[in-house]
Amino acid sequence: MWRGCHQFQYIEHGRAVTDRIIFMATRKPPPTTKPIERDDGGSVVLERRPQRTQPPQMYQVVLLNDDYTPMEFVVVVIQEFFNKDRETATQIMLKIHLDGKGVCGVYSKDVAATKVDQVTEAARQAGHPLQCVSEPVE
Ligand code: TYC
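A short tour of the structure in this document, coming up. Source: prediction; values computed, not measured.

## Quick notes on the sheet that holds strand S5 (residues 59–64)
Line of reasoning, step 1. Taken together, 3 strands build an open sheet; the order of strands is S6-S5-S7 and the sheet is antiparallel. A single partner strand is all that each edge strand has here, and the edge strands are strand S6 (101–107) and strand S7 (131–136). The sheet shows a mean angle of 30 degrees between the axes of neighbouring strands, direction not considered.
Line of reasoning, step 2. Against the sheet, helix H2 (residues 86–99) makes contact with S5 and S6, and its axis sits at roughly 135 degrees relative to S6, the strand it touches most.

Laid out in structure tokens, this is it:
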């Protein structure tokens, strides 16, 4: 267990007050600023370091074309599971029909996996061979 401490000093009602915050973490966090340096004039120079954390990997949920699933079923699936209006859903369905596949939405890994499961189950229940997959973006 790593323990850190921040100490603050300030004046309150004319008296010097010291507050300490003690915190715990499993690992020491990486510094986001360099240690304080003083230049000739005694002023404080803080240099910000670039953030190291990357944005989370996103996943696009893709529907694949087939020869048997009715167009109307695909349009309804895109409306219901990907929250598109009917016109947008129809455009996406036609793109899939013509190009072989099309992106219906982009989500975090968990949400994308849930969409794939929901669409796959809805197609199975309706007896259609519609295929839905997720793939990392970029
Ligand atoms: N190609 C299908 C048809 O002609 C329609 C369709 C569109 C099927 C998109 C799947 O993901 C799909 N009935």
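## Describing the side chain of Lys115
Line of reasoning, step 1. Relative to the assigned elements, Lys115 resides in helix H3 (residues 109–126).
Line of reasoning, step 2. Buried charged residue Lys115 carries no salt bridge. Nearest counter-charge: Glu80, at 10 Å.
Line of reasoning, step 3. Discounting chain neighbours no more than four positions away, the residues touching Lys115 are Val61, Phe81, Phe82 and Tyr107.

## Description of the packing of aromatic side chains
Line of reasoning, step 1. All chains considered together, the criterion is met by 1 aromatic pair.
Line of reasoning, step 2. A ring pair is formed by Phe82 and Tyr107, whose centres lie 6.5 Å apart and whose planes are at 35 degrees; its orientation type is tilted. Of this pair, Phe82 sits in helix H1 (residues 71–82) while Tyr107 sits in strand S6, placing them 25 residues apart in sequence.

## Quick look at unusual backbone geometry
Line of reasoning, step 1. Not every positive phi belongs to a glycine, and Asn83 is a case in point at roughly 55 degrees.
Line of reasoning, step 2. With respect to the helices, strands and loops of the structure, Asn83 is situated in the loop between H1 and H2.
Line of reasoning, step 3. Not every positive phi belongs to a glycine, and Glu138 is a case in point at roughly 70 degrees.
Line of reasoning, step 4. By secondary structure assignment, the location of Glu138 is in the segment after S7.
Line of reasoning, step 5. Given the relative accessible area of 93%, Glu138 is considered exposed.

What counts, and where the lines are drawn
Residues numbered from 1 in each chain as written. Predicted model: local features only at pLDDT ≥ 70, side-chain atom pairs only at ≥ 80, totals over all residues. Heavy atoms only, no water. Pairing = 2+ DSSP bridges. Helix = DSSP H or I, 4+ residues; strand = E, 2+ residues; numbered from the N terminus. Axes fitted to C-alpha atoms, helices over the stretch in contact; angles between N-to-C directions. Contact = heavy atoms within 4.5 Å. Buried < 20%, exposed > 50% of the residue type's maximum accessible area, 1.4 Å probe, protein only. Lys, Arg positive; Asp, Glu negative; His and termini not counted. Salt bridge = Lys/Arg side-chain N within 4 Å of Asp/Glu carboxyl O. Phe/Tyr/Trp six-rings, centres within 6.5 Å; stacked < 30°, edge-to-face > 60°.

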